[in-house]
Amino acid sequence: MKAISPRKICFITGTRADFGIMSRLMKDLSQVEGVTLQIVATNMHLSARHGMTVDEITAEGLHVDERVEMDLSGDDRRSTVKSMSQCLGGMADALDRLKPDICVILGDRYEMLAAASAAMIMGVPVAHLYGGEITEGAYDDSIRHAITKLSRIHFTSTEEYRRRIIAMGEDPSTVYRVGALGADNIASMSVMTLGELEESLGMSLSDEFLLATFHPVTLEPGQAAAQTRALLEALQERLGQTKVLFTMPNSDSEGDTVASLIAAWAQRHPGCVKAVASLGRARYYSALRHCMAVVGNSSSGLTEAPSMGVPTLNIGNRQRGRAQGATIVNCEATRGDISAGLDMVMSREMRDRCRRNPDNPYAFHGTLEAIMKVLLSTPLPLPAFKPFYDVAW
């Protein structure tokens, strides 16, 4: 593929998760004649407490053009809003210096709302990955829809989500159903052997371990500690049967509370539990390949784990409303419900069924190529005004 005209394509990334999903797309675009790849790193990427994952970007051979600092020292909603304002100002400066022709952002986090707002005001069209989805337990749900209205090009993971964006007034010719990059990446990703993964972690796992990630549910303030304890107590009952590899939560409100509880629990069980700020893309996909099940409330359990044929225990309301296949078991965020759910996903019967029949509604043939085609063939610059598309009733 070749760009129809020279263009500067700027990716804005704030977490290990969105970079891991977009990194292959970034690399492929960087090789295209006529494309100048730009990367702006912000939020958790620049936080030592969250693994300083900007280093993972450069380790992939990519250049970070701008770093937009955010104060992540607070753990409450007021602190989140203040860090958003810091991100907004930093993005204005970064975009002014880089002068991209188009920005690419993924997801629904608060720093992406700041980035999309800055880009829109500064006249830089936004291509948004994965609008139209529903996550009833998080304020990310509202943020995602707000980013949709700030964006000019839309990539959705399912046809249902494509129709939802059109119902929000977006022109159908700008909304593309492409599937999930995470699921697409798995098909092309070479993973570590179990031994290599264990060596990199400094821990023996065997193939009987759980891969866990638990984030605070931002529309349930004050519940993070109780929900995290319920998960840890349910896992505690099974430490004789399995080991647990935890990836730490995002920088959301009450995220520090969740992280502190997980870290303390891991320290009490050094031979059975490992808590890692960030696994990085290669180790995370390798852990997905070798684990017996995914546990927690990360979107990865719904969008990526099914392609590995791995069952997922999806806890609580954070992902409620998101499309899911038959490899997913849902439970409430209580010790009893989590315990019953663990019995299901750890059972040999379910594990064998998921391996034989992986069911992923986000899988779509040629996801990366479809996204690249749009980014390279869309005539730029876009008209300044975006008309509202009225659906016929």
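This structure is a prediction, so every number in the text was calculated from the model and none was measured.

Cut-offs applied
Residues numbered from 1 in each chain as written. Predicted model: local features only at pLDDT ≥ 70, side-chain atom pairs only at ≥ 80, totals over all residues. Heavy atoms only, no water. Helix = DSSP H or I, 4+ residues; strand = E, 2+ residues; numbered from the N terminus. Rg over C-alpha atoms; globule rule 2.2 N^0.38 Å. Buried < 20%, exposed > 50% of the residue type's maximum accessible area, 1.4 Å probe, protein only. Contact = heavy atoms within 4.5 Å. Areas by Shrake-Rupley, 256 points an atom, 1.4 Å probe, with all protein chains shown as cover. Lys, Arg positive; Asp, Glu negative; His and termini not counted. Charge placed at Lys NZ, Arg CZ, Asp CG, Glu CD. Arc of directions from axis to C-beta. Pairing = 2+ DSSP bridges. Axes fitted to C-alpha atoms, helices over the stretch in contact; angles between N-to-C directions. Phe/Tyr/Trp six-rings, centres within 6.5 Å; stacked < 30°, edge-to-face > 60°. Polar contact = N/O pair within 3.5 Å; in protein donor to acceptor, adjacent residues only side chain to side chain. Parallel < 35°, antiparallel > 145°, perpendicular 65-115°, else oblique. Left-handed = near helix turned anticlockwise from the far one by under 90°. Nonpolar A, V, L, I, M, F, W, Y, C, P; charged D, E, K, R; others polar. Patch = residues over 30% accessible without salt bridge, like charges linked within 9 Å, V, L, I, M, F, W, Y side chains within 5 Å. Salt bridge = Lys/Arg side-chain N within 4 Å of Asp/Glu carboxyl O. Disulfide = S-S within 2.5 Å.

J.: Please give an account of the overall build of the chain that cites residues and values.
T.: The number of helices and strands found in the chain is 15 helices and 13 strands. The C-alpha atoms of the chain give 20 Å as radius of gyration, which agrees with the globular expectation for 393 residues (21 Å, within 12%). Overall, the chain is about 60 × 45 × 45 Å in size when its C-alpha atoms are taken along their principal axes. Counting only residues that meet the buried cut, the chain has 60% of its 393 residues in that class. Partitioning the contacts of the chain with sequence separation of at least 6, the portion at a separation of at least 24 is 72%. Of the accessible surface of the chain, which amounts to about 15,400 Å², a share of 53% is contributed by carbon and sulfur atoms. Side chains of the chain carry 40 positive and 46 negative charges; the gap between the two charge centres is 1 Å.

J.: Explain helix α13 (residues 335-345) to me, using residue names and the numbers behind them.
T.: Of the residues making up α13, those classed as buried are Ile-338, Ser-339, Gly-341, Leu-342 and Val-345. Taken down its axis, α13 places every buried residue within 165° of arc, on the same side. Buried residues along α13 sit in contact with β8 (209-213), α9 (224-236), β11 (293-296), β12 (312-315), β13 (328-331) and α14 (348-356).

J.: Provide a residue-level description of α14, including the pertinent values.
T.: Within α14 the residues assigned to the buried category are Met-350, Arg-351 and Cys-354. Along α14, the residues classed as buried sweep out an arc of 100° about the axis, all on the same side. Among the exposed residues of α14, those pointing more than 90 degrees away from its buried face are Glu-349 and Arg-356. For α14, the elements touching its buried residues are β13 and α13.

J.: An account of the sheet that holds strand β10 (residues 273-276) is requested, with residue identities and associated values reported.
T.: Reading across from one edge, β10-β9-β8-β11-β12-β13 is the order of the six strands in this open sheet, with parallel pairing throughout. The open sheet has two edge strands with one neighbour each: β10 and β13. Taken pair by pair, the neighbouring strands of this sheet meet at an average axis angle of 20°, ignoring direction. Judged from the four bridges that link them, β12 and β13 form a sheet pairing that is parallel. Note that in β13 the partner of Thr-312 across the bridge is Ile-328.

J.: So what about the packing of aromatic side chains? Which residues, and what values?
T.: Applying the stated criterion across every chain yields a total of three aromatic pairs. Each ring, one from Phe-155 and one from Tyr-176, has its centre 6.0 Å from the other, and the planes form 35°; the classification is tilted. Of this pair, Phe-155 sits in strand β6 (residues 153-156) while Tyr-176 sits in strand β7 (residues 175-177), placing them 21 residues apart in sequence. Residue classification places Tyr-176 among the partly exposed positions, given a relative accessible area of 28%.

J.: Give a detailed account of the sheet that holds strand β4 (residues 102-106), specifying residues and quantitative values.
T.: The seven strands lie next to each other as β3-β2-β1-β4-β5-β6-β7, forming an open sheet whose pairing is parallel. Strand pairing shows two members of the sheet lacking a second neighbour, β3 (66-68) and β7, which therefore form its edges. Recorded for the sheet is a direction-independent mean angle of 20° between the axes of neighbouring strands. As judged from the three bridges shared by strand β2 (residues 35-42) and β3, these two strands associate in the parallel manner. If you follow Ala-41 over to β3, its bridge partner there is Arg-67. Packing of helix α5 (residues 140-150) onto the sheet brings it into contact with β4, β5 (126-129) and β6, and relative to β5 it is tilted by some 145°.

J.: Describe the side chain of Thr-174, and please don't skip the residues or the numbers.
T.: Mapped onto the elements, Thr-174 comes out in the loop between α6 (159-167) and β7. Looking at Thr-174, its side chain comes within polar contact range of the main-chain oxygen of Asp-171, at 2.7 Å. Other than its neighbours up to four places away in sequence, Thr-174 contacts Arg-152, Ile-153 and His-154.

J.: Can you lay out the packing of helix α8 (residues 194-201) against helix α11 (residues 280-290) for me, pointing to particular residues and giving the numbers?
T.: Think of two packed helices as two axes; the pair is described by the angle between the axes and how far apart they sit. It is at 10 Å that the axes of α8 and α11 come closest, and there the two elements cross at 130°. By the angle between their axes, α8 is oblique relative to α11. Like other packed secondary-structure pairs, α8 and α11 cross with a definite hand, here left-handed. Across the interface between the two elements, Leu-194, Leu-197, Ser-200 and Leu-201 of α8 pack against Arg-283, Ser-286, Ala-287 and His-290 of α11. Among the residues making up the contact of α8 with α11, the classes are represented as four nonpolar, three polar and one charged.

J.: Provide a residue-level description of the environment of Thr-213, including the pertinent values.
T.: In this fold, Thr-213 is placed in strand β8. You can call Thr-213 buried: its relative accessible area is 7%. Thr-213 sits 58 residues away from Phe-155 along the chain, and the two C-alpha atoms are 26 Å apart. Apart from the residues lying within four places of it in its own chain, the contact partners of Thr-213 are Arg-16, Phe-246, Thr-247, Val-295, Gly-296, Asn-297 and Ser-298.

J.: If you had to explain a nonpolar patch on the surface to someone new, which residues and values would you point to?
T.: A surface patch of nonpolar side chains, about 300 Å² in accessible area, is lined by Met-120, Ile-121 and Met-122. Structurally, Ile-121 is set in helix α4 (residues 110-121).

J.: Give me the lowdown on the state of the cysteines, citing residues and values where you can.
T.: Taken as a whole and judged by the stated rule, the model has zero disulfides. Cys-291 takes part in no disulfide bond, and the closest cysteine sulfur to it belongs to Cys-354, at a distance of 11 Å. What makes Cys-291 buried here is its relative accessible area of 1%.

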